[in-house]
Every structure is written in C-alpha cells, then in structure tokens.
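Examination of the molecular architecture
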Amino acid sequence: MDFLGKKCPVCSKNFHEDDDIVVCPECGAPYHRECYKEKGKCIFTDLHKKGERWHDEDDDSSEDSPLEKCPHCGRENPKGAIVCYSCGGFLHKPAENPDDNNPDNQTWQQNPFNPFGSMPNNNQNTDQNGQNGHPFTVFIDPMGGVSPDEDFDGVTGAEMAKCVKVNTPYYMQVFSRIKTIGSSRFNFAAFLFGGGWYLYRKQYLKGTIITVIMFVLTLGQDFIAYATRDMWITLAKALQSSGIVYPTYMDYFSLMSSKFSWWEICLLLAPYILSFLSFVLMLICGFRGNRSYYKHTIMKVKKLKSEKSGDELTKTLSDNGGVNTAIAWSLIACEIIMMIAMMFV
C-alpha cells in the first residue's frame, strides 16, 4: 500500500518517499520506525481485539465518487448537492452533540417545516473572529414540509413536486391543505393575471377560455366607450346647461331618461357592466386557481404514470411539468401593444 501523504499516527507528520516506514502485521497501521520503537507496540489495540483493519480517517473514498445517495429515497445526486433532486429531502444532517442539552448552544436545530433535515442556527454562524458570518443564511425545504411519500389520490408528494417544479414550497403546502382539510388559499397571481396564469401553469384549455373571455370583455368595454363618446358629450352639455355643478347618479339617470331611449341607456352603462363582469371573473380565478391546479397536477401525473415508469417517468415529469415562460412573455407583450394602440385611437 502507498502511504505517501498519509500521517503517522504517533507524530502526525506526513510520510515521505525516503522515510523508513513499518507496518503493524495485525491491523496494517503504518509508523515511522522511530515512532514505532518509541511506543514499543501498535497503538491501535482496540482494532486488534475487534479484528478490524486500520484505515486513514482523513482518507474518505466517497469523495472520489461524483455521486452520493439520498438517505431518504436512495436516489443518487451530484456531489455537493444540498437537497435530493428526486424527493427534495436534505442530503446531510449534522451530528447532534449529546452533551449539549441547551438548544440555544447548538449549531444546528431541527427545521419544523422539513421532516428530513436541519437548518442552521444563525446565532452560532460565526467566523474566525467571532463575528456573525452569514446572519441571514437559511435553507428552504423544496417540499414545503410535505413528505415525498405523502399520498395525493394515488400520486406521491415527490411526483407532485416534480410536476410543479417552480415555487414548489408554496404549492405543496396548498396541495396538502386541500387534501387534508378541503380548504385552499386565495391565489393573487391567478387573480391579477387570470387566463395568463392558467396558461403559464400549462392549464391550456382553461387558460385559453378565460383569456378569450377576458379579451372580449376588455375589447367590448373599449369599443362601446369609443362608440358612445358623442352620447356622453351630449349628456355633459345637458348637465352644463341645467346649471348642475356636482351631478349625482340620480341627475345622470334623470337626464339619460329624457335624452335617450332605453337601449341607448343600456349602451351607455355597458362598459361598467362589462368591467364588473371582468372583476368577478378575476375573483373566480383567484379563489379557484389553486384547486384547479391541484386537480390538473394529479391528472397529469396519473396520465404520465400510466405511460412511463422509473427514470423515464422522472424525466417525463420534469419535461412536461413546470411553467411555460414563453406564453407569459407573449401575453405581456400583447398587453403592452394593446395599451399603446388604445392611446392613439
């Protein structure tokens, strides 16, 4: 065996090519000949009793491997990864100090939102000078505290997370809430962007329908407002001639009744009605968005599981899940173009 670069267990100095090295015949521990003579025997008597062989504690053969197994699901991950790419669990958990019963003095504390690992206690995150090195360093559980093995109507939490892919901590918590207590959360992204959010989350059918409805409502408001501008000018002149400085709603309706027919009054009020309907649709998207995405994710995973399995399923979930950023940017561009066009109408 080549002991060059390893340390003598007595003097702790590295072995060099010209050193006189002796090896214990029982456990194989190497020594400088002078160090072995100084002790008079091998110092690893406990290994002799157990019949075990000596190994260099500084030599970790696992470092030669570019992959390491997850302690939770057994999946191999690239060396240096913090969480498992398959189940989302932490790959390393620092050893606890049994002599330290004060949790405030422990460098690591259990993360209540992560069932697999720990998170750093920032009060003990100090540098060599005793100063706080990274006071805001935190680890975020990509599963949002949900177990990778948790069942969602025949689909595991890990499979759901692979399909969601983006912002998994939020959606995994929401999915668990829907499954457990039947209650969801208001999705502000779905409320603000409506069909655009559905398309972004690859719910193409619902997203297309909602986007078309929103587009028709918005276009209808603008078109009717443009078509009735002469009627509003007439109404404004009538208010001015009547001497009303601060007209109320009743004043408007009174003048409308005297100046226009009932269908013209409906035409004047149509933009406000369409605006109200748009707001109602936005509220529906906000309240129903998470539930819709929950059902969509389960259906997608089940469909893919019926077609693929193993590593092929994992790759398919990753490819078909996640979000569609191209659609998001396209919708934003269309919205900007529409706003600019309306400024010149």
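Scroll up to find the structure this text is about.
First, a word on scope: everything that follows refers to the structure included in this document.

A word on the environment of Gly195. Mapped onto the elements, Gly195 comes out in helix α6 (residues 195-200). According to the relative accessible area criterion, Gly195 is buried, its value standing at 3%. As for Gly195 and Met282, which are separated by 87 residues in sequence, their C-alpha atoms are 9.0 Å apart. Aside from chain neighbours lying at most four places away, what touches Gly195 is Gly207, Ile210 and Thr211.

Turning next to a nonpolar patch on the surface. On the surface, a nonpolar cluster with roughly 350 Å² of combined accessible area is contributed by Val212, Phe215, Val216 and Leu219. The topology assignment puts Val212 in helix α7 (residues 204-227).

Position of Val323 relative to the elements: it lies in the loop between α11 (310-320) and α12 (325-343). Contact partners of Val323, with chain neighbours within four places excluded, come to Val166, Tyr200, Arg201 and Lys202.

All told, the structure shown has 7 salt bridges when counted by the stated rule. Here Glu159 makes a salt bridge to Lys305, at a shortest N to O gap of 3.3 Å. Of the two residues, Glu159 sits in helix α3 (residues 157-164) while Lys305 sits in helix α10 (residues 262-307), which places them 146 residues apart along the sequence. With its nearest N and O atoms 3.1 Å apart, the salt bridge here joins Lys303 to Glu307.

α3 sits mainly inside the fold: 8 of its 8 residues count as buried. Listed in full, the buried residues belonging to α3 are Gly157, Ala158, Glu159, Met160, Ala161, Lys162, Cys163 and Val164. Along its buried surface, α3 packs onto β7 (151-152), β8 (155-156), α4 (168-181), α10 and α11. Backbone geometry just downstream of α3 places Lys165 in the positive-phi region, at approximately 70°.

What follows covers the layout of surface pockets. Of the voids in this model, the largest pocket is the one considered here, and its volume is about 770 Å³. What lines the largest pocket is a set of 23 residues, and nearest its centre among them are Leu192, Phe193, Gly196, Leu331 and Glu335. Elements with a contribution of two residues or more to the lining of the largest pocket: α5 (188-193), α6, α7, α10 and α12. A class-by-class count of the residues in the lining of the largest pocket yields 14 nonpolar, 7 polar and 2 charged.

Our focus in this paragraph is the side chain of Lys300. Its place among the elements puts Lys300 in helix α10. Despite its burial, Lys300 remains without a salt bridge, the nearest opposite charge being carried by Glu307 at 11 Å. Apart from residues lying up to four places away in sequence, Lys300 is in contact with Cys163, Lys202 and Asn320.

Phe152, Met160, Met172, Phe175 and Tyr294 are the most contacted members of the largest nonpolar core, which has 29 residues in total. Of all the elements in the fold, those that place two or more residues in this core are α3, α4, α5, α6, α7, α10 and α11. For this core, the element with the highest residue contribution is α10, accounting for 8 residues. For Met160, the residues in contact, after removing those within four places along its chain, are Phe152, Val155, Met172, Phe175, Tyr294, Thr297 and Ile298.

Glancing now at the packing of α7 against α10. The N-to-C vectors of α7 and α10 enclose an angle of 160°; their axes lie 9 Å apart at closest approach. Taken together, α7 and α10 sit at an angle that is classed as roughly antiparallel. At the point where α7 passes α10, the crossing takes the left-handed sense. Seen from α7, the contacting residues are Lys206, Ile210, Ile213, Met214, Leu217, Gly220, Gln221, Ile224 and Ala225; seen from α10, they are Leu267, Ala270, Pro271, Leu274, Ser275, Leu277, Ser278, Leu281, Met282, Cys285 and Ser292. Its residues assigned to classes, the contact of α7 with α10 shows 14 nonpolar, 5 polar and 1 charged.

The subject of this paragraph is the packing of aromatic side chains. This model, assessed by the stated rule, comprises 13 aromatic pairs. Measuring from ring centre to ring centre gives 4.8 Å for Phe186 and Phe287, while their planes differ by 75°; the resulting arrangement is edge-to-face. Here Phe186 is found in the loop between α4 and α5, whereas its partner Phe287 is found in helix α10, with 101 residues between them in sequence. Aromatic side chains Phe191 and Phe279 sit 6.1 Å apart centroid to centroid with 85° between the ring planes, which places their arrangement in the edge-to-face category. With Phe191 in helix α5 and Phe279 in helix α10, this residue pair connects regions lying 88 residues apart in the sequence. The partly exposed category is assigned to Phe279, whose relative accessible area is 40%. The ring of Phe152 is capped by Lys179, whose NZ or CZ atom sits 5.1 Å from the centre of that ring.

Basis of the calculations
- Residues numbered from 1 in each chain as written.
- Predicted model: local features only at pLDDT ≥ 70, side-chain atom pairs only at ≥ 80, totals over all residues.
- Heavy atoms only, no water.
- Helix = DSSP H or I, 4+ residues; strand = E, 2+ residues; numbered from the N terminus.
- Buried < 20%, exposed > 50% of the residue type's maximum accessible area, 1.4 Å probe, protein only.
- Contact = heavy atoms within 4.5 Å.
- Patch = residues over 30% accessible without salt bridge, like charges linked within 9 Å, V, L, I, M, F, W, Y side chains within 5 Å.
- Areas by Shrake-Rupley, 256 points an atom, 1.4 Å probe, with all protein chains shown as cover.
- Salt bridge = Lys/Arg side-chain N within 4 Å of Asp/Glu carboxyl O.
- 1 Å grid on protein atoms, 1.4 Å probe; cavity = no way out; pocket = protein on both sides within 12 Å on 5 of 7 lines; lining within 4 Å.
- Points joined across faces, edges and corners; volume = space filled by probe spheres on them.
- Nonpolar A, V, L, I, M, F, W, Y, C, P; charged D, E, K, R; others polar.
- Lys, Arg positive; Asp, Glu negative; His and termini not counted.
- Core = buried A, V, L, I, M, F, W, Y, C linked by side-chain atoms within 4.5 Å.
- Axes fitted to C-alpha atoms, helices over the stretch in contact; angles between N-to-C directions.
- Parallel < 35°, antiparallel > 145°, perpendicular 65-115°, else oblique.
- Left-handed = near helix turned anticlockwise from the far one by under 90°.
- Phe/Tyr/Trp six-rings, centres within 6.5 Å; stacked < 30°, edge-to-face > 60°.
- Lys NZ or Arg CZ within 6 Å of the ring centre and 35° of its normal.

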